[in-house]
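In case you want the letters, here they are:
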Amino acid sequence: MPPYREFDIEQISKQFQIYGEILHAEPCKIGHINETYTATYDQGGAKVRYIHQKINQNVFKRPDQVMENLVRVTSHIRRKLVARGEKEITRKVLGVIPSREGKPYYQAPDGDCWRTFVFVENTRTYEAAETPQQAFEAGKAFGNFQCLLADIDGPRLHETIPDFHHARKRFDAFNEAVAKDHFSRVASAKSEIEFALKNEKLVDVLLKAHAAGKIPERITHNDTKFNNVMLDTNTGNQICVVDLDTVMPGLALYDFGDMVRTTTSPTMEDEKDLSKVQLRLPMFEALARGYVESATFLTKTERSYLAFAGKLITFVIGLRFLTDFLLGDTYFRVHRAEHNLDRCRTQFRLVDCIAKQEKKMQQFVDKL
Ligand code: GN1
Ligand code: MG
């Protein structure tokens, strides 16, 4: 996280349609990409919080398209929640605060793009699931989200990062990084590279099924980490999902796969002690129940790949960490030497854990 600059945030805060005066702001969330701050304002004596976030334009080349998608998606969900007569809608879907010019983001003279959201109070996020009930809520949160977007009309959403989960392209990029070895890091990642090469066969499975028309494109979240689910502090129920920059056309299975990656192991993504990495079957089962119950649109074929999707996405994200390590750490924010390599190792260990239990996992899903 870059150093917090109070003055900058104050300047940024003035660009949005927020009443009252800013009191203070703190950096928040452990995201690898964007820069996020929680800011507290005084509004007629009440303290109200907002999120200010700088969009990483190294990753998101078209912030205008990111925000166009985001506004379409959140407006669509909001309309449906209103029609259902739901309460507390400003907690259940992200609210975008317009800029002074009435745009969904503000572009500063230095080119940086900022946006502001309503802060969702009385919720919290976790880096790893602590109970099966939490895993269930996560599955339900993303299943609901996909369901709510299944009938969005108008043109196809923008692909904010083209080929984001395209496993074959990710594999090719990895191969190229190994071949070039610009940072002379191949030697220090020998066994990880071997692991990646040995598992190449995974990468085409879903792409082929999709190309053959067996699994459909849907509107998906594409970054379904467990820490993107806001759980109510009092009840533990899911309230909403956040981090909507990659909401775009994709495969529902990719979303489920990333849920498996981030809820089933008790460890952090960069755990160094690999013996702690595990696939906790009760977590997987609760997650799958929550997801399948709410993602009512899933076809039989999609359901038949749910366990596999966990293995695939965990592999592909490990591959992305490894590639970034080989390319000199330019994509994911790192906090120590070999950080991306550590992240890769935990992912690959989890791939092994999933492979060992994959049959059992799928048998469970088949009975749902
Ligand atoms: C990135 O920034 P964050 O943590 O929300 C990445 C995801 C990875 C994740 C790994 C746009 O998400 O794809 O799964 O790191 N987001 C982007 O922790 O690349
Ligand atoms: Mg993200």
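Residues numbered from 1 in each chain as written. Chains lettered and ligands numbered in written order. Predicted model: local features only at pLDDT ≥ 70, side-chain atom pairs only at ≥ 80, totals over all residues. Heavy atoms only, no water.

Participant: It is not clear to me how the packing of aromatic side chains should be interpreted in this structure. Could you clarify?
Facilitator: What characterises a pair of aromatic rings is the spacing of the ring centres plus the angle enclosed by the ring planes. Under the counting rule described, the total for this entry stands at 12 aromatic pairs. Both rings, one in Y305 and one in F308, keep their centres 6.3 Å apart while their planes meet at 65 degrees; by these two values the pair is edge-to-face. Given a relative accessible area of 11%, F308 falls into the buried group. Ring plane angle 70 degrees and centroid distance 4.8 Å describe the contact between Y331 and F332, whose orientation is recorded as edge-to-face. (Phe/Tyr/Trp six-rings, centres within 6.5 Å; stacked < 30°, edge-to-face > 60°. Buried < 20%, exposed > 50% of the residue type's maximum accessible area, 1.4 Å probe, protein only.)

Participant: Sorry if this is basic, but what is going on with the nonpolar core here?
Facilitator: Within soluble globular proteins, side chains that are nonpolar tend to cluster in buried spots. Formed by 106 residues in total, the largest nonpolar core has its most connected members in L206, F256, F315 and L322. Broken down by element, the residue count for this core peaks at 14 residues, all from helix 11 (residues 306–326). For this core, the two domains that each supply at least three residues are domain 1 (6–121) and domain 2 (132–367). Aside from chain neighbours lying at most four places away, what touches L322 is F174, A189, E192, I193, A196, L341, C344 and F348. In terms of nonpolar packing, the next biggest core, distinct from the first, is built from 13 residues, I12, Y50, I97 and W114 among them. (Core = buried A, V, L, I, M, F, W, Y, C linked by side-chain atoms within 4.5 Å. Helix = DSSP H or I, 4+ residues; strand = E, 2+ residues; numbered from the N terminus. Domains from an automatic or database assignment. Contact = heavy atoms within 4.5 Å.)

Participant: Looking at this model, I keep getting lost on the sheet that holds strand 10 (residues 238–241). Mind explaining?
Facilitator: Strands belonging to one sheet form pairs held by backbone hydrogen bonds; the direction of such a pair is parallel or antiparallel. The antiparallel open sheet is built from 3 strands, whose spatial order is 7-9-10. Two strands close off the open sheet at either side, each with one partner strand: strand 7 (123–124) and strand 10. Bridge count for strand 7 against strand 9 (residues 229–232) is 2 bridges, and the pairing is antiparallel. Bridge pairing in strand 9 links R124 to L231. Across the sheet, helix 4 (residues 132–149) touches strand 9 and strand 10, and the angle it forms with strand 10 is around 50 degrees. (Pairing = 2+ DSSP bridges. Axes fitted to C-alpha atoms, helices over the stretch in contact; angles between N-to-C directions.)

Participant: Please explain the site of ligand 1 as it appears in this structure.
Facilitator: Taken together, 16 residues are adjacent to ligand 1, and H32, K225, D243, E269 and Y331 come closest. With respect to ligand 1, the backbone of I33 contributes an N or O atom lying 3.2 Å from an oxygen atom. At a separation of 2.5 Å, an oxygen atom of ligand 1 approaches a polar side-chain atom of Y331. Protein chains shield 97% of the accessible area of ligand 1, which is 440 Å² for the free molecule. Here the residues of the shell around ligand 1 sort into 8 nonpolar, 2 polar and 6 charged. When we break the shell around ligand 1 down by domain, the ones giving at least three residues each are domain 1 (6–121) and domain 2 (132–367). (Near = heavy atom within 4 Å. Polar contact = N/O pair within 3.5 Å; in protein donor to acceptor, adjacent residues only side chain to side chain. Areas by Shrake-Rupley, 256 points an atom, 1.4 Å probe, with all protein chains shown as cover. Nonpolar A, V, L, I, M, F, W, Y, C, P; charged D, E, K, R; others polar.)

Participant: Just checking my understanding: could you explain the domain arrangement of the protein chain for this structure?
Facilitator: It is common to report an interface's size as the accessible area lost on association of the parts. In terms of domain boundaries, the protein chain breaks down into domain 1 (6–121) and domain 2 (132–367). At the interface, 27 residues of domain 1 touch 33 residues of domain 2. Where domain 1 abuts domain 2, roughly 2,800 Å² becomes buried across the two surfaces, and 57% of that area is made up of carbon and sulfur atoms. Among the residues domain 1 hides against domain 2, the three largest losses belong to H32, N69 and R72. Together they make up 24% of the total. For the interface between domain 1 and domain 2, the tally reads 3 salt bridges. Of all elements in the fold, only helix 2 (63–83) and helix 3 (89–92) reach the threshold of two or more residues within the side of domain 1 that touches domain 2. When residues in the side of domain 1 that touches domain 2 are grouped by element, the largest group, 11 residues, is from helix 2. Residue classes in the side of domain 1 that touches domain 2 are distributed as 10 nonpolar, 8 polar and 9 charged. (Buried area = accessible area lost by both parts, 1.4 Å probe. Salt bridge = Lys/Arg side-chain N within 4 Å of Asp/Glu carboxyl O.)

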